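# Remarks on the overall topology
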Amino acid sequence: NQYLLLGTQHRLGERTYDRLFWENFLLPINAAREHIDLLHTPAFAAPLLNGKWHSVVTIHDLIAKVFPGHLSKTSRWYWKTWLPFVNGRAARIMVDSNCTREDLIRYLRIAPGKIRVIYLAASERFSKKGSEREIQSVCDKFAIRRPYILFVGNIEPRKNLVRAIKAFGRLKKRRKLEHQLLLVGSRAWRYPAIDQLMMELDLQACVRVLDYV
């Protein structure tokens with residue numbers, strides 16, 4: 001087999017409109033140009049217009065269906081209406097867990113035989129740990145002191161960071177924890193008031209918000 005990675009040099013943002021532009025315009029143009037037999041879309045939605053290829057999609061969760069209040073109106077439309085519409089013709093749908101498989105069957109009425117559970121993992125040969133010098137250079141760049149606890153993801157209500165910060169504050173107070181708490185991610189929709197919370201708990205010196213890295 002020959003495998004092609006279809007990407008773009010266009011600088012796309014994180015908005016739903018950007019995703020729609022990539023998935024339904026740039027991606028199918030690239031796929032058609034390469035005359036592929038099978039297109040695997042690893043992030044939730046296949047293109048609306050399929051070419052001569054078979055389509056396989058990975059759906060990681062159905063947050064918008066299960067917890068619609070955690071997303072903006074545009075995002076809810078994308079996940080609840082657009083996603084099931086464009087994925088209905090996929091030859092196979094891959095999911096990370098049995099929970100998501102059951103959600104697809106329950107909420108989107110996907111035939112069970114169409115879904116494959118493939119857990120998130122990779123061979124150890126894909127994991128390359130940086131040298132101590134490389135690690136220290138990153139710590140210096142972002143003014144990180146070790147040890148630390150690391151969170152990576154959009155900073156938004158559904159990540160439950162308010163509770164994480166409160167738990168971290170308790171550990172600092174009761175167990176004299178030496179760690180920093182590092183929050184790495186874009187400040188997304190309905191950005192929670194974690195700055196005010198850090199002030200109230202006197203954690204400004206040990207909780208770092210690094211935004212998108």
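Residues numbered from 1 in each chain as written. Predicted model: local features only at pLDDT ≥ 70, side-chain atom pairs only at ≥ 80, totals over all residues. Heavy atoms only, no water.

### Description of the sheet that holds strand E6 (residues 180–184)
Our working rule: By the convention used here, strands pair only if DSSP detects at least 2 bridges between them. What counts as a helix is a DSSP run of H or I of at least four residues, what counts as a strand is a run of E of at least two, and both are numbered from the N terminus. Every axis corresponds to a line fitted to the C-alpha atoms, with the helix fit spanning only the stretch in contact, and the corresponding angles, defined between N-to-C directions, vary from 0 to 180 degrees. The contact definition used throughout considers only heavy atoms, calling two residues in contact when any of these lie within 4.5 Å.
Spatially, 3 strands are ordered E5-E6-E7 in an open sheet, and the strand pairing comes out parallel. Of all strands in the sheet, those with a lone pairing partner are strand E5 (148–152) and strand E7 (207–211), marking the two edges. Here the strands of the sheet are splayed against their neighbours by 15 degrees on average, with no regard to which way each runs. Along the sheet, helix H6 (residues 161–175) contacts E5, E6 and E7; its crossing angle with E6, the most-contacted strand, is approximately 165 degrees.

### Digging into the sheet that holds strand E2 (residues 54–59)
Reading across the sheet, the 4 strands line up as E1-E2-E3-E4 and stay open at both edges, with parallel pairing between neighbours. Taken across any chain shown, the strands that pair with only one partner, and hence form the sheet edges, are strand E1 (38–41) and strand E4 (115–117). Recorded for the sheet is a direction-independent mean angle of 20 degrees between the axes of neighbouring strands. Packing against the sheet, helix H4 (residues 98–107) makes contact with E2, strand E3 (92–95) and E4, and its axis sits at approximately 165 degrees to E4.

### Some thoughts on the pairing of E6
Put simply, the rule reads: For every residue, the accessible area obtained with a 1.4 Å probe (protein chains only) is divided by the maximum for its type, and the residue is called buried under 20%, exposed over 50%, and partly exposed between those limits. Looking down the strands as they point away from you, a crossover is right-handed if its path from the first strand over the helix to the second goes clockwise.
Of all 5 residues in E6, 5 are buried; the element is thus mostly enclosed. Where burial is concerned, the two faces of E6 agree: the one with Gln180, Leu182 and Val184 and the one with Leu181 and Leu183 are both buried. As paired strands, E5 and E6 are joined by 5 bridges and run parallel to one another. Looking at the pairing, Tyr148 lines up with Gln180 of E6. Assessed by its sense of winding, the connection that carries the chain from E5 through H6 to E6 is right-handed. Sheet topology places E6 next to E7; 4 bridges connect them, and they run parallel. When the bridges of E7 are listed, Leu183 appears paired with Val209.

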